[in-house]
Structures are given as C-alpha cells and as structure tokens.
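# Tertiary structure, described
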Amino acid sequence: MNKSLLCLLLAVATPTYAAGSAKPKAAPPSPLALSCTGCHQPLVNAKEMPALNMLTPAKIAESLLAARDKPKAGSIMARFVTKMSDAQIASLAAELGSTVRP
Amino acid sequence: MTLSRRDLLKAGLATATWPSLGRAANRGKPKSRVIVIGAGFGGATCAKYLRTLSPTTEVLLIERRSSFLTGPFSNLVLAGLRSAESVTFNTETIGAAHGVKTLVDEVIVLDPVKLSVTTANSGSFTADRIVVAPGVAMRWGMIEGLDATNSATMPHAWTGDGQVLELRDRLDAVPDGGTVLIGAPANPYRCPPGPYERASLIAFLLSRSGRKNCKIIIADAKDDFTKRALFMLEWDALYPDMIEWLPRAQGGEVVRVDTSTGEVWLRGAEKPIVTHLASIVPPQQAAELATSSDLADESGWCPINPADFESKKHPGVHVLGDATIAAPVPKSAFAANSQAKLCASAVAARLNGWPAPEPRLLNTCYSFVSDTQAISVSAFYGAVDGRISVLSDGVSPLTGDTALRELEAEQAKAWYVSITADSFGLPHAE
Ligand SMILES: Cc1cc2nc3c(=O)[nH]c(=O)nc-3n(C[C@H](O)[C@H](O)[C@H](O)COP(=O)(O)OP(=O)(O)OC[C@H]3O[C@@H](n4cnc5c(N)ncnc54)[C@H](O)[C@@H]3O)c2cc1C
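Residues numbered from 1 in each chain as written. Chains lettered and ligands numbered in written order. Predicted model: local features only at pLDDT ≥ 70, side-chain atom pairs only at ≥ 80, totals over all residues. Heavy atoms only, no water.

## Digging into the state of the cysteines
- Within this structure, the stated rule accounts for zero disulfides over all chains.
- No disulfide involves Cys302 of chain B; its nearest neighbouring cysteine sulfur is the one of Cys343 of chain B, lying 13 Å away. (Disulfide = S-S within 2.5 Å.)

## Concerning the domain arrangement of chain B
All names here are of chain B.
- Per the domain assignment, the segments making up chain B are domain 1 (5-135 + 287-356) and domain 2 (140-284).
- Computed over C-alpha atoms only, the centres of domain 1 and domain 2 are separated by 32 Å.
- In this assembly, 16 residues from domain 1 lie in contact with 21 residues from domain 2.
- Viewed at the interface, domain 2 and domain 1 are joined by one salt bridge.
- Arg190 is the partner of Asp322 in a salt bridge, and the nearest nitrogen-oxygen pair spans 2.5 Å. (Domains from an automatic or database assignment. Contact = heavy atoms within 4.5 Å. Salt bridge = Lys/Arg side-chain N within 4 Å of Asp/Glu carboxyl O.)

## Let's talk about the packing of helix H4 (residues 91-98) of chain B against helix H10 (residues 402-424) of chain B
All names here are of chain B.
- Closest axis-to-axis distance for the H4/H10 pair is 8 Å, and the angle between their directions is 75°. When the axes of H4 and H10 are compared, the pair comes out roughly perpendicular. Packed against H4, whose contacting residues are Ile94, Ala97 and His98, the element H10 presents Asp422, Ser423 and Phe424 at the interface.
- Classifying every residue of the contact of H4 with H10 by side-chain character gives three nonpolar, two polar and one charged. (Axes fitted to C-alpha atoms, helices over the stretch in contact; angles between N-to-C directions. Helix = DSSP H or I, 4+ residues; strand = E, 2+ residues; numbered from the N terminus. Parallel < 35°, antiparallel > 145°, perpendicular 65-115°, else oblique. Nonpolar A, V, L, I, M, F, W, Y, C, P; charged D, E, K, R; others polar.)

## Details of unusual backbone geometry
- For the bond from Asn187 of chain B to Pro188 of chain B, the omega torsion is -10°, close enough to zero to count as cis.
- Inspection of the secondary structure assignment puts Pro188 of chain B in the loop between strand S11 (179-184) and helix H6 (194-208).
- The omega torsion across Ala327 of chain B and Pro328 of chain B is 10°, close enough to zero to call that bond cis.
- Tracing the sequence through the fold places Pro328 of chain B in the loop between strand S22 (324-325) and helix H9 (333-352).
- If you check the backbone angles, Asn45 of chain A has positive phi at about 50° while not being a glycine.
- Tracing the backbone shows Asn45 of chain A in the loop between helix H2 (31-36) and helix H3 (57-69).
- Unlike most non-glycine residues, Phe73 of chain B shows phi in positive territory, near 75°.

Next comes the structure, spelled out in structure tokens:
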C-alpha cells in the first residue's frame, strides 16, 4: 500500500478512545501536538512537512533535538523547539509518533 | 388563533429540533451539544476537533456564507499567480468532510446567558456551550468618505469576498507610471503582514507586465510592521524604487478619501495623493455578532481566558480567532486553527470530566515577496495565569539567500494545502 493511502486510512480511523466512556482509553492528543499537524497534516503528507504519524517517536525526537541543538540556518523547526526540555521533546515525539490521528 | 410551530420558528420563539446528524447519529444518544458559529479557520477547525475528541457531543456548525475565499493566498490571486477557485471553499463541503451538521444561515441573535442562538431562516437552537469564531468587521467612520457602500471602489479585499476579484481586475487597468496606494491600518488588525505582502506581489505583477515605472505607496497608520527589515531588504533587491513606505510619523495615516476621483488625503497633508488605484484596508474590530452579543469590550475585540478561549464576559461562550484579544498571538489563519484545537480540547475535557489540557499555541505567517520567494515568522506560545507569552520564536534570516527564500515559498505552498485540508477537509485541487 502506498504511503499517502495508508496515511489517509490512518487519518479517518476512529478516535483514539471510546465514545461514552468517562475517561478516554488513551489520553487525548495535547493541543500542541494537534497544532503541529497544521503543517504536518496526515491528510496531505507534504514532502516539505511530512505527516508525523508516519515516523517513529525516536526519529521525531532525534529531529527535534537536532533542530534545538544544531539548527540549520533558516530552520522553521528551531523556532518551536529552542526552549523545549528533553522531557518535553520526548513526550511530544511519543504522542505524535503514535497517537495523533486527526 | 393558534400559531403553528413553523410560525413560532419564523418568529424565533420556539427552539428548533436539532437537525439530524446523518452518519454521526449512529453514535448513540448525544450527551452534550455545542453550537459553533463561523466556518472560517477558527470555527471549522473547532467543529472538526470537537467531533473527533468528544464523540458524545453533538456539534452544529452555522455559517452565513455558502462559500468564501481564504485570506491566505488571496494576495497571490491579485497577482495572477493563483486562480480564485483554488482559494475558494464551500461551507456545505466543509461540514460534510468533517461529518458535522452544518447550516448555511446567519445567526442574528446570540443570547450569551441562555446559550441560545436565533438564525435568520432556520429557527433557534440552544446548547451546552457555544463557540463563536466570526472574524472581523471594518470600523467605518474612521476614514472620512469611506464606508460599507463605497469601499469596493477602493477595495480592501480583506474579508474573502468579491472585492478580491474587483481588486485583481482593477490592477489590470493601472497604466505604466501609475500610482497604486495601499492604506495599512493601525494595530490590531487581521493578518499583520498582509498589506506588505500585497505591496510585494503588486510590485511583482506590475514589473512583470512591463509597468516598472509604477509607484506603490504604502500609507501606514503605524510606525513599524512585522518582518519590516526583511520586506524592505527584498523590496530593494527585487523592485528598486517601486515601493515607498510612509509611516505614521511621516504623515502616512489615511484620513480621508474621495472614492469618485481616487484621491487620498494623508494626515496633515494639504493636497491629496491622486491614485490610479487605492486599496484601503480600514481599521478593524470583532465582527458584528461579537459586538451585538456583548462578547466584545470597549476596544471592539473579545476578551478571553487563554486557557480555553472562554469569554471573560460570558461563561459558556468561547470566542476564537481574529475576533479575540490574544496578543502577542497575531490574527492569522494559523493562529485561529491552533486556538480552535486548544478550545476543542478544553471543551471536550470539560464536557467529559477529563483533566484540562495544557494550553499551548503555535503560529507561522509566511509572506510571499515574489512569485517564487517567501519569508516567515513563527512563535510557540504558552498561557500562564491568564496571559499568553512567547515561549520561543524566530524569523527568516536577513542574510538568507535566494535558495532559502525559494525553499520557504515551497514550504508556504505545502502549508496552505495542509492548513486548508486540516481546517476545511480533504485537499483541494489547485
Ligand atoms: C490578504 C490576507 C492575507 C492573509 N494571509 C494569511 C496567511 O498567509 N497566513 C495566515 O495564517 N493568515 C492569513 N490571513 C489571515 C486569515 O485570513 C485570518 O486570520 C483568518 O481567516 C481568521 O479566521 P477566523 O475563523 O477568526 O475568521 P474567518 O476566517 O473570517 O471566519 C469567520 C466566519 O464567520 C462567519 N460569520 C460571521 N458572523 C456570522 C453570523 N452572524 N452568522 C453566521 N456566520 C457568521 C463569516 O461569514 C466567516 O466565514 C490573511 C488575511 C488577509 C486578508
């Protein structure tokens, strides 16, 4: 199956937690993780800003740490992560690599 | 005489039954109801995420326009670089894509205490919470001679309607050597870089079509603007001597116009500037609905609690996007989309008894300086103790070469496809 089709399927999959339960089965995605998808949109999976649910949490964390510690000139990502701690980056990567299915 | 339900509905006296929700109705009986007003970047995004985050919530989206042009990329339409169709979205299509029941109708009364709304044609509805994302309205009466009835003659093209096409077509008639004037408003207003992106792309269009001797005057009601150093650097390089920025301190503020002659008077000037085309972007405030439903304060904008974008004036009502007081977050489509996700998460948490989400927002505004080059500014925000602060930010480097500006233009195009797919549904054909 090609990447963008898989992406679409993921994107229209059911929410991460069951209707009617008092507590979500898994924690809902954080507003920050949802805002990353304004650019990294699963419905689109643009080459310039790929869908993050196609990447592993480890790969996402690695990219964010690189953008924070060794930013390339003109990197957009550096603007968002310069003040994030290792722990914040790890938790964001875990969420986006696995749970965000807008 | 007995009044029928229909008569009552017409008079706005009965509460209309909630429209059936089609496929979403199979999800069992709703536990809560939220009405979202406005299907722009803020409202459409909020409706979508409320539905996915809180499946037991019934969402009703109400938008008065059956279709609209997006602000983002509308300046590319002016320069002939995009078609109007490629930036036009249809309200019913948005509702269908998000699986949200949608009414194309105008909310004429919003009661922020009873949490009810009355529409022009479909009756009244009540809800557990109401989200309002109505955008901006022009503040008429500040510039002498300019009002809602004649502004199309000096098109602001700032609210995604026919004025965009009007302005595009009028640009064709500007002769070489002609004068184009852009009136830029005082802060706060929708899309802080918008007037300067517009100046850049008009300069691009005029120079590409053999009209390099035209003059573009930006008559500004303020003394600084976002990405100023970058814009001015690129103007010098790409359009030498074409664009002149007149700040407020040098008498840049537009105070009077004559729409029949094209004359524009700046503050303190004895004689008017005679223009071939003027695009006057008036000072702004939150849209009429925000004012009429007591959600705006004396500034004309809506105070909110940044943790969840709940109105500070009326609990139970949330306000999103351009209509809010959310500085230092700019009034952008990106910010409206980001605020909508925070608001939907907070409302879902409250309706379902989950812990409140961590209030974080992102923004990026890309601006084209030519057909192939763009610059950008971004920030990451957090809300603490009722205030929004910048956690980190950045802007394109002044030393950026052409390759970087071209890369950013490609990113800007990818962003447009992504943000519109996210906010309005599946990607749009170009
Ligand atoms: C020239 C220009 C360029 C721009 N470029 C960019 C850019 O590059 N990037 C960016 O991020 N932003 C950009 N913007 C800004 C962007 O367009 C706005 O910030 C964004 O549209 C705000 O979203 P919103 O939901 O608050 O309002 P809107 O998108 O205006 O949506 C409000 C909706 O509410 C509806 N409504 C109002 N009252 C009622 C009522 N009583 N009943 C029913 N419906 C009602 C309106 O019809 C409207 O459709 C640009 C704007 C302009 C003008």
